[in-house]
Amino acid sequence: MSQRNAIVKLIRDDRTVQALLIALVLVFGMGMLRPEKQQGIAMSHFWSLKIQAQNCADMVLAGDSRTFCSLSPAAMNQVCPDYRIFNYAFGGNAYASLYCRRLESVLDENSTCPTIVLGITPNSLRTEATQRNGFLEYLGHSSQEKWIRYHFGHVHDFFEPMSFRDAWEGLFPQSRTFHEYREYHADGWVGANIEPPSVKRQLWRYRRRFEKSRVSCDLADALLSQVGQWVEKEIRVYAFRPPASGEMFELEDAISGFDEADFVKRFEAAGGQWLSAPRTDYASYDGSHLRQDEAVRFSREFASMLQSLITKAAQRN
Amino acid sequence: MAIMFAYQIYCDFSGYSDIVRGLGRWMGYRFPVNFDHPYIASSFRDFWQPWHISLSTWFRDYVYIPLGGGRATGWKVHRNLWITFLVSGLWHGEAWNFLIWGSLHAFYLSLERWTGWTEKLERLKGGRHLCVLFVFVLTLIGWVFFRSENLGQALAILGQMFNPLQRHPNVINSLIDKNAVNVLLLIVARQVFFHFRMNESKPWLTPRQEQWMELVITAVMILMCVYMPGPANTFIYFQF
């Protein structure tokens, strides 16, 4: 019997092979139906790249998802072309000591102007957020997992979990009630948008978070002490409160336990410089994160403010 | 939730029994089947024959039969049933919930033996399907006690199960988003398919159609394993 005949017989007679072949067709078909195709580099590759970033930047942007959505290093580079900027923020992240050490290691040891920019949100100062966040999740991946995500990001993304509802919406896009768009960039920025926007989408989530746990004074003290150490190492440290919707700021100020005026005072006493960036002048798609085009605009304006502060500091010296 | 736990514990234990059987067969050993479609049983007697066959057989041979088994007369048969199921409950853990679970099954079996309700119901048209449904629902009540951490929690879950008005409207949406309903529907569909296939005197599918149906269900299960994985937990039954 020829080899070809043997294969045909196997497919015709072996039920295991038949089930696997049907499964292969279904898996491939369902993966193709994923309704929201990501743009830019593969998501898995993006996070793998970010978590493994080291010794590569003059300026590191740190914080949680509000920072990784709002500051585009490429857009900032249009204003500050002399800096190699990397966005090292992670979803749901908090300023735990491990994260602070890792973000410092992203700075190039030979950089002449090492700079850290901290996006300060009440969420990033909650103890609970130090225990479970995107940074820890990606850091916890095994080296094999990181390797697969780094080198085969698109394949990995193809098999990301999805539901039959997703497949249905992929097949009938008109049945989808909202559209999510994400663009992953190698410099650590995620350009995102949701249509139609809803500034109240994230409010209940944040309310629940702050009802469970508020800003931790210990965590804020530890961060301020870390800022002092960075300043001693001649690293310039800036901080800002990333923009969001007015409702979100009202909620945070009311129930998160974050006293911004006091924090700013102590931050500047530790040697850092606070940037009072405009907060609610930018459109958010969910109340917390900036729309992609607004993030680009904010990044440029933020970079201008930063540049003028750096220039003034240089003139003083 | 209770239905999901019923299928979770079934798939968990039956699944790892099958893994053991497969591995054993690779090494030249043949282990008997441990679960044989217990959820399409039309009586509790039928339920315990295909459920955890290795343990049930052990309890039958080393506890129930030495006590006199079903050959004893009058109330002694019921006493034997109760002792066997109370011991079985305690075998799962020294906790009240396992004892209640064992007692419930002893009660179900005693009642069934005493009244013969399943046999009577089966004689009616469509009665067999109703029996399967009743036995399944009563088994679910048992699982609630088996799974709960304390009596209060078990009673609260039972209250939710039998009072749909108490249900939070977001629960269904959240279940759909977490794929739980999809997985459950497929498993239940497979059980219903087996139930009708095994119980209908006149087959409603040709053997070839049945074979294709089996293949497609298996392929969809593989698809779900790829796209709808749950959190990686150890087997539930490892604790016993």
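These numbers were taken from a predicted model, which means no experiment stands behind them. (Residues numbered from 1 in each chain as written. Chains lettered and ligands numbered in written order. Predicted model: local features only at pLDDT ≥ 70, side-chain atom pairs only at ≥ 80, totals over all residues. Heavy atoms only, no water.)

### Section: the overall build of chain B
Piece 1. The number of helices and strands found in chain B is 11 helices and 0 strands.
Piece 2. In chain B, the succession of α and β elements from N to C terminus is α-α-α-α-α-α-α-α-α-α-α.
Piece 3. Here the contacts in chain B between residues at least 6 apart in sequence split such that 62% fall between residues at least 24 apart. (Helix = DSSP H or I, 4+ residues; strand = E, 2+ residues; numbered from the N terminus. Contact = heavy atoms within 4.5 Å.)

### Digging into the interface of chain A and chain B
Piece 1. In this assembly, 19 residues from chain A lie in contact with 19 residues from chain B.
Piece 2. Summing both sides of the interface, chain A and chain B together bury roughly 1600 Å²; the carbon and sulfur share of this comes to 71%.
Piece 3. Its largest share of buried area at the contact with chain B, chain A owes to A:R15, A:F164 and A:R165, together 33% of the area lost on that side.
Piece 4. Counting across the interface, chain A meets chain B through 0 salt bridges.
Piece 5. Here chain A and chain B share 3 residue pairs in polar contact (both at pLDDT 80 or more) between them.
Piece 6. Secondary structure elements with two or more residues in the side of chain A that touches chain B: α2 (15-32) and α11 (164-171) of chain A. (Buried area = accessible area lost by both parts, 1.4 Å probe. Salt bridge = Lys/Arg side-chain N within 4 Å of Asp/Glu carboxyl O. Polar contact = N/O pair within 3.5 Å; in protein donor to acceptor, adjacent residues only side chain to side chain.)

### Digging into the domain arrangement of chain A
Frequently, the measure chosen for interface size is the accessible area that the parts lose on association.
All names here are of chain A.
Piece 1. Each assigned domain of chain A is listed with its residue range as follows: domain 1 (1-32) and domain 2 (36-316).
Piece 2. Taking the mean C-alpha position of each, domain 1 and domain 2 sit 46 Å from one another.
Piece 3. On the side of domain 2, 7 residues touch domain 1, which itself brings 5 residues to the contact.
Piece 4. When the area that domain 1 buries against domain 2 is broken down by residue, the three leading residues are M30, G31 and M32, summing to 80%.
Piece 5. On the surface where domain 1 and domain 2 come into contact, there are 0 salt bridges.
Piece 6. Here domain 1 is connected to domain 2 by 0 residue pairs in polar contact (both at pLDDT 80 or more).
Piece 7. Among the residues forming the side of domain 1 that touches domain 2, the class breakdown is 4 nonpolar, 1 polar and no charged. (Domains from an automatic or database assignment. Nonpolar A, V, L, I, M, F, W, Y, C, P; charged D, E, K, R; others polar.)

### Thoughts on the environment of A:T112
Piece 1. Secondary-structure assignment places A:T112 in the loop between α6 (97-106) and β4 (115-119).
Piece 2. Considered as a pair, A:T112 and A:I235 are 123 residues apart in the sequence and their alpha carbons are 9.6 Å apart.

### Some remarks on the pattern of salt bridges
Residues and elements named next belong to chain A.
Piece 1. Going through the model one piece at a time under the given rule, you end up with 22 salt bridges over all chains.
Piece 2. In this structure, R12 engages D13 in a salt bridge whose closest nitrogen and oxygen atoms are separated by 3.6 Å.
Piece 3. Notably, a salt bridge pairs R279 with E260, separated by 2.2 Å at the nearest N-O pair. Taken as a pair, R279 in the loop between β8 (273-275) and α16 (292-316) and E260 in helix α15 (residues 260-269) lie far apart in primary sequence, 19 residues in all.
Piece 4. R279 sits in the partly exposed class, given a relative accessible area of 26%. (Buried < 20%, exposed > 50% of the residue type's maximum accessible area, 1.4 Å probe, protein only.)

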